[in-house]
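Next come the chains, spelled out residue by residue.
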Amino acid sequence: QVQLVESGGGLVQAGGSLRLSCAASGRTFSSYGMGWFRQAPGKEREFVAGLNWNGGSIYADSVKGRFTISRDNAKNTVYLQMNSLKPEDTAVYYCALRRTSTYTTTPALYGYWGQGTQVTVSS
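## Thoughts on the overall build of the protein
Then comes step 1: Along the backbone of the protein there are 0 helices and 11 strands.
Then comes step 2: Its C-alpha atoms give the protein a radius of gyration of 13 Å, within 12% of the compact-globule value 14 Å for 123 residues.
Then comes step 3: Each principal axis of the C-alpha atoms in the protein carries an extent, and together these give about 40 × 30 × 25 Å.
Then comes step 4: Residues counted as buried form 45% of the 123 residues belonging to the protein.
Then comes step 5: For the protein, restricting intrachain contacts to residue pairs at least 6 apart in sequence, the fraction spanning at least 24 positions comes to 60%.
Then comes step 6: Accessible surface computed for the protein: about 6,200 Å², of which carbon and sulfur atoms make up 48%.
Then comes step 7: Distance between charge centroids for the protein: 7 Å, based on 12 positive and 7 negative side chains.

Structure follows, in structure tokens:
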């Protein structure tokens, strides 16, 4: 069983930065695809960024150039560095893991989810 625990959310002014962390249990973390998603009130959960086992990544158009996903396999942790934050980035952010080596933008294809961390960007 894999458990994911996010941290690093908070309140930040527009233009600021935050780094989210997602710590995973399990010995084979490095083999799995990872994703970050977010969900704002009244909206569906949306894809933010994905990361393959070999470091290949993909981003939603809305965050491209501002967010960076990365992983530290020694720490079983995936990160989401968020720069130039905008009020529309306000949401609960979730990390997700799938027991394959590649990412996907489809939430239903991830088998494991964290509890979420709130990010609020003030204008």
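Next comes the rest of the description.
## A look at the pairing of strand β7 (residues 67–72)
Looking along a regular strand, one sees the side chains alternate between the two faces of the sheet.
Then comes step 1: The two faces of β7 differ: Phe 67, Ile 69 and Arg 71 on one face are buried, but Thr 68, Ser 70 and Asp 72 on the other face are not.
Then comes step 2: One ladder, built from 6 bridges, connects β7 with strand β8 (residues 77–82); its direction is antiparallel. Looking at the pairing, Thr 68 lines up with Gln 81 of β8.

## A look at unusual backbone geometry
Then comes step 1: Positive phi outside glycine occurs at Asn 76, with the angle close to 50 degrees.
Then comes step 2: Even without being a glycine, Ser 84 presents a positive backbone phi close to 50 degrees.
Then comes step 3: With respect to the secondary-structure elements, Ser 84 resides in the loop between β8 and β9 (91–98).
Then comes step 4: Overall, Ser 84 belongs to the partly exposed group, its relative accessible area being 42%.

Calculation rules
- Residues numbered from 1 in each chain as written.
- Predicted model: local features only at pLDDT ≥ 70, side-chain atom pairs only at ≥ 80, totals over all residues.
- Heavy atoms only, no water.
- Helix = DSSP H or I, 4+ residues; strand = E, 2+ residues; numbered from the N terminus.
- Rg over C-alpha atoms; globule rule 2.2 N^0.38 Å.
- Buried < 20%, exposed > 50% of the residue type's maximum accessible area, 1.4 Å probe, protein only.
- Contact = heavy atoms within 4.5 Å.
- Areas by Shrake-Rupley, 256 points an atom, 1.4 Å probe, with all protein chains shown as cover.
- Lys, Arg positive; Asp, Glu negative; His and termini not counted.
- Charge placed at Lys NZ, Arg CZ, Asp CG, Glu CD.
- Pairing = 2+ DSSP bridges.

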